[in-house]
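Commentary on secondary and tertiary structure
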Amino acid sequence: MLTAVKGKGRHTSRTMSMRNQLRVCLLSIQYNIMREMINKVTFLTNICFMILNNASFLVQWVILFQLKDEIGGYTLKEIMLLWGLCASSYGLSHILFARVFSLPELIINGKLDAYLVLPKNVLLGVMTSSTNTSAIGDLAYGLIVASLSGFQVKRMLLFLLFTVTGAVMITAFALLLGSLSFWLVRMELFGDQMVNVVISFATYPDGIFKGAVKTLLYFMIPTGMMVYQPVHVMTDFDLKGLLVVIGYAGALSVAAVTVFYRGLRRYSSGNLMGARV
Amino acid sequence: MKVIEVENLSKIFRVKRKEKGMRGSIKAIFKPKMKEIKAVDGVSFTVEEGEMLAFIGPNGAGKSTTIKMLTGILYPDGGNVKVLGIDPTKRRKQLAYEIGTVFGQKEQLWTHLTPYDNFRFFGAIYDIADGEIEKRIEELSDTFVLSDFINTPVRNLSLGQRIRCEIAASLIHKPKVLFLDEPTIGLDPVVKENIRSLIQQMNREFHTTIFLTSHDTGDIEKLCKRVIIVNSGQIVLDDSMAHLKFSDASLEDIIMEIYRSR
Amino acid sequence: MILNKLGIQRSLKDNQLAENSWVEPIGYNLRKGRSVFMRKYVVIYRSVLMENLQYIGNIALGFVSYFIFIFVFINLWDYLYAEPGMRIAGYTKEQMIWYVMITEMIWFGSRSEAVVGQVTADIRGGNIAYLMNKPYHYTLYILARHTGEWCIRIPMYALFAAAIGLTMVGEIEGFGLLALLPSAISIVLGITINGIFKLCISLVSFWIEDVHPFQWMYDKLILIVGTVFPIEIFPAAMRPFMKLTPIYTVCYGPAKLVVDFHMEQYPEILSAQLLYLGVGTSLMFFLYGKGVKKLYVNGG
């Protein structure tokens, strides 16, 4: 009786196991969203309010553009593109990988155990274990605003691509900072703040920043490669710029994943809390 | 055949220590004093296939830390571990296909889904083919008498029903070793008894090796033929249940005596 | 998205506070007179203040968001004020930036768990049934806690704002230190009015399952329309309407007094605030009274 299932996982080929891994991730994400949908009214209000919330900031820009036709080289159209990209990247990453943003809490309270005893990738298991309903509103808002800013097929495809790279960057950035919790306690507020910083900058044109600050926006935090560079590429196509964005997303992910696995060796499974000093 | 081999296993936690008062707080920022706690300190034992072993000790003795090193959750700081001949730190995923875990206080099921959907999900995690998983769910449903609520969302189940589902879910891939960390915590006597006989049944029918930690002497007495007692990270007793119960005193009293004497 | 991140930042302390909130029923005897009557609220305020002192580190972390917000606006206004000496809507660049710093200081510094999270939880969770029989008035109790909260935060933010302002923005021309005193009164009034209004919205929980959308709409009104720009920047047609909203008394009034103090304007703003305070407090007592009555009739 015991023999039927045995050994299957061990002998599956690499592509098979990758397909299975993907299937588990997608199932997780699907179940997360189903869980949020149990209360349909809350689910829909959350989404709608987030769309309204984001839209209300356009008031601010309408007022500002009354003072001047362009701000930092941006007109209302580019601002919409910028806002749209920021919102959709943030939205996508919070729909798929919301757990990354609360990683420190999981690490400190030893909540990774459940993922460590399963025969699948730990990081992917953790990442896909929750979702954020209002993020659906963010993503929807991003797509709406981007279409409104002047619809072109090519630009829209680029927008979708940059939504993905942006989501990868913000997720990787949060993962990188969150993983520091393996070494340092009390990182959760700091990581949160840094993600805020990224987003705060991402909704203003880069043209208003000068010199050192601009450099920091590209190298210290991923804001530059997440939204500024993509907006430039969308308004004035440039293949090299596009490849740089993709490369940056890849490099940041590799760094984040490396740090996570390094830290995982130090994972204490909540035992530190219970240990008697 | 030896299923678990542990040799000189140890795990050290480093904990920051702060001196009293404001001065201590400031000092701690610049020059934190670390204190090392040996959670597990040179533990060695082996477990044979099909054995039912109780691994017990007072709170903070190092039970959970040991179980977590055996299942690949924690990295040991020293010593060797082999479970089914596999090193948990090096081939965690491969080991995961072969073992099952139930941590009494932690839930692995999705509460908004039915047990059936949950089993399907775990089936996907363990790469079990669709046809096969149906068969397996039916088996588990029979063994654990789940048919009445297999299509009710887990959040609407009673604690006892839920634990039954938790255990069933951890058996979906027919593990050779089952790690149970306080499986009966918070259950009423009837459900406890029910869970115990299920565990016994599994051991009899599938020859599953059972590694159990519990504070409940009932669990231990009913299920296990061998007991390992740990205290302060070290094994203080490794003996058969029959030997342990040499006198008329209750198991609870005997264990308490041993806890106190170390 | 952004507001969610900035606006909702809970910490452990609120749970702990909720547990400790049963302490000291001092001045139990109401007939002892006014001073004793008020004393219990002072004690509540003091204990919350002391609790919060432990979390100064966490509060200071909030400075990061505040700083970034202000930093972005410094850059934005730097860009928009192309030539020196230029005025937009009657404001110099320094005034414009200090304006945002003051309104944001009020916004960040008066964020309160007591008036929002706690009240909603007490009412929806049924805890209110026990609290309303305590020898204090529940709403005043909450306001005392609210005051204990902002009394730590606001001075910290004020110092931080002053530090940023003096190093990165510069002084406002013609600014008189003396004007700060009357302005401070207005700021305190603004914060209290804000707290009362948010408390009123929370009290609606007696009738409605989830009042968060209303809180949210109120916050939006204050944040988008009230904190970023002074009223003068909006089209003339909108201004009279805006003077009627809480914006005028919660953020515009106090901030305007700080950046551009006029003795003639002071009584106007102050009386508007007092009027709002009166209306808000009556509304608060009215809603609470109605809610409690409903509770007595229908049960918890």
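Residues numbered from 1 in each chain as written. Chains lettered and ligands numbered in written order. Predicted model: local features only at pLDDT ≥ 70, side-chain atom pairs only at ≥ 80, totals over all residues.

**Looking at the overall build of chain A**
Per the secondary structure count, chain A includes 14 helices and 0 strands. Listed by position from the N terminus, the elements making up chain A come as α-α-α-α-α-α-α-α-α-α-α-α-α-α. Here the C-alpha radius of gyration of chain A, 21 Å, is about what a compact globule of 277 residues would show, namely 19 Å. With respect to the principal axes defined by its C-alpha atoms, chain A has extents near 75 × 45 × 40 Å. Burial analysis of chain A (277 residues in total) assigns 48% to the buried set. Intrachain contacts of chain A at a sequence separation of at least 6 include 80% that bridge at least 24 residues. (Helix = DSSP H or I, 4+ residues; strand = E, 2+ residues; numbered from the N terminus. Rg over C-alpha atoms; globule rule 2.2 N^0.38 Å. Buried ≥ 20, exposed ≤ 12 C-beta atoms within 10 Å, placed from the backbone. Contact = placed C-beta atoms within 7 Å.)

**Section: the overall build of chain B**
From N to C terminus, chain B includes 10 helices and 9 strands. Relative to a compact globule of 262 residues, whose C-alpha radius of gyration would be 18 Å, chain B shows 20 Å and is just as compact. In terms of overall dimensions, chain B has a C-alpha envelope of 60 × 50 × 35 Å along the principal axes. Counting only residues that meet the buried cut, chain B has 42% of its 262 residues in that class. Long-range pairs, those at least 24 residues apart, make up 70% of the contacts in chain B with a sequence separation of at least 6.

**Observations regarding the interface of chain C and chain A**
Taken together, the contact between chain C and chain A spans 25 residues of the former and 30 residues of the latter. Going through the elements one at a time, helix H1 (2-7), helix H4 (56-80) and helix H10 (212-227) of chain C are the ones with two or more residues in the side of chain C that touches chain A. Among the elements that line the side of chain C that touches chain A, the one with the most residues is H4 of chain C, at 11 residues. Of the residues in the side of chain C that touches chain A, the class split is 19 nonpolar, 4 polar and 2 charged. (Nonpolar A, V, L, I, M, F, W, Y, C, P; charged D, E, K, R; others polar.)

**A few points about unusual backbone geometry**
All names here are of chain B. The phi torsion at Leu84 lies on the positive side, around 55°, for a residue other than glycine. Positive phi values are uncommon outside glycine, yet Lys174 reaches one of about 50°. Mapped onto the fold, Lys174 is located in the loop between helix H6 (159-170) and strand S6 (177-181). Accessibility expressed as a C-beta count within 10 Å gives 21 for Lys174, which makes it buried.

**Re the sheet that holds S6 of chain B**
All names here are of chain B. Judged by pairing direction, the sheet is mixed, and its 6 strands sit side by side in the order S5-S6-S7-S3-S8-S9 without closing on themselves. The open sheet has two edge strands with one neighbour each: strand S5 (99-103) and strand S9 (234-240). Each strand of the sheet is rotated relative to its neighbour by a mean of 15°, with strand direction disregarded. Taken together, the 4 bridges between strand S3 (residues 52-56) and strand S8 (residues 226-231) define a ladder with parallel strand orientation. Looking at the pairing, Ala54 lines up with Val227 of S8. Running over the sheet, H6 touches S5 and S6 and is turned about 160° from S5. (Pairing = 2+ DSSP bridges. Axes fitted to C-alpha atoms, helices over the stretch in contact; angles between N-to-C directions.)

**Focus on the environment of Leu116 of chain A**
In this fold, Leu116 of chain A is placed in helix H6 (residues 113-116). Separated by 10 residues in the primary sequence, Leu116 of chain A and Val126 of chain A place their C-alpha atoms 9.4 Å from one another. Look past the residues within four positions of Leu116 of chain A in its chain and what remains in contact with it is Val122 of chain A together with Gly72, Ile73 and Arg92 of chain B.

**Observations regarding the pairing of S5 of chain B**
Residues and elements named next belong to chain B. A large share of S5 lies buried, amounting to 5 of its 5 residues. Direction of pairing for S5 relative to S6: parallel, over a ladder of 5 bridges. Looking at S6, one finds that Gly100 is bridged to Leu178.

**Considerations on the nonpolar core**
One finds Phe173 of chain A together with Leu53 of chain B to be the most contacted residues of the largest nonpolar core, which totals 218 residues. The residues touching Phe173 of chain A, leaving out its near neighbours within four places in the chain, are Val195, Val198, Pro222 and Leu252 of chain A. (Core = buried A, V, L, I, M, F, W, Y, C linked by C-beta atoms within 7 Å.)

**Overview of the environment of Val40 of chain B**
All names here are of chain B. Mapped onto the secondary structure, Val40 falls in strand S2 (residues 33-48). Owing to 29 C-beta atoms within 10 Å, Val40 belongs among the buried residues under this scheme. The spatial distance from the C-alpha of Val40 to the C-alpha of Asp77 is 9.3 Å, given a sequence separation of 37 residues.

**Quick look at the packing of helix H10 (residues 188-202) of chain A against helix H12 (residues 223-235) of chain A**
Residues and elements named next belong to chain A. As a packed pair, H10 and H12 sit with axes 9 Å apart at the nearest point and diverge in direction by 15°. Comparing the axis directions of H10 and H12 gives the class roughly parallel. In this structure, H10 meets H12 at a crossing whose hand is right-handed. Mapping the contact onto sequence places Val198, Phe201 and Ala202 in H10 and Thr223, Met226 and Val227 in H12. (Parallel < 35°, antiparallel > 145°, perpendicular 65-115°, else oblique. Left-handed = near helix turned anticlockwise from the far one by under 90°.)

**Here's the deal with helix H8 (residues 133-148) of chain A**
When the terminal C-alpha atoms of H8 of chain A are compared, their 24 Å separation across 16 residues agrees well with the 22 Å that a helix rising 1.5 Å per residue should span. Turning to H8 of chain A, its buried residues number three or more, namely Thr133, Ser134, Ala135, Ile136, Gly137, Asp138, Leu139, Tyr141, Gly142, Val145 and Ala146 of chain A. (Expected span 1.5 Å × (residues − 1).)

**Quick word on the packing of helix H4 (residues 76-96) of chain A against H12 of chain A**
Residue and element names in this part refer to chain A. Running from N to C, H4 and H12 cross one another at 130°; their axes reach a closest spacing of 10 Å. The pairing of H4 with H12 is recorded here as oblique in orientation. The handedness of the crossing between H4 and H12 is right-handed. Residues Glu78, Leu81, Leu82, Leu85, Cys86 and Ser89 of H4 lie in contact with H12, whose contacting residues are Met226, Val227, Pro230, Val231, Met234 and Thr235. Classifying every residue of the contact of H4 with H12 gives 9 nonpolar, 2 polar and 1 charged.

**Concerning the pairing of strand S7 (residues 209-213) of chain B**
Residue and element names in this part refer to chain B. By the criterion of burial, S7 is predominantly enclosed, with 5 of the 5 residues buried. The side-chain alternation of S7 yields two buried faces, one formed by Thr209, Phe211 and Thr213 and the other by Ile210 and Leu212. By the bridge criterion, 3 bridges tie S3 to S7 in an arrangement that is parallel. Directly across from Met52, in S7, lies its bridge partner Ile210. Across 5 bridges, S6 lies against S7 in parallel orientation. Across the sheet, residue Phe179 finds its bridge partner in S7, namely Phe211. Handedness of the crossover joining S6 and S7 through helix H7 (residues 189-206) is recorded here as right-handed. (Right-handed = clockwise from strand over helix to strand, strands pointing away.)

**Considerations on the confidence of the model for chain A**
All names here are of chain A. Looking at chain A as a whole, the pLDDT averages 88, with 92% of positions reaching at least 70. This stretch, residues 1-10, has a pLDDT under 50; its non-local contacts, to residues over four places away or in other chains, come to 15 contacts. Note that residues 273-277 has pLDDT below 50 and, in this model, 10 contacts with residues that lie over four places away or in other chains. (pLDDT = per-residue confidence, 0-100.)

**Remarks on helix H5 (residues 130-143) of chain B**
Residue and element names in this part refer to chain B. For H5, which comprises 14 residues, the first-to-last C-alpha distance of 20 Å matches the rise-based estimate of 20 Å (1.5 Å per residue) to within 8%. Among all positions of H5, only Ile133, Arg136, Ile137 and Leu140 are buried. Down the axis of H5, the buried side of the element spans an arc of 105°, and every buried residue falls inside it. Projecting away from the buried face of H5 at angles above 90 degrees are the exposed residues Gly131 and Asp142. Those residues of H5 hidden inside the fold are in contact with helix H4 (115-125) and H6. (Arc of directions from axis to C-beta.)

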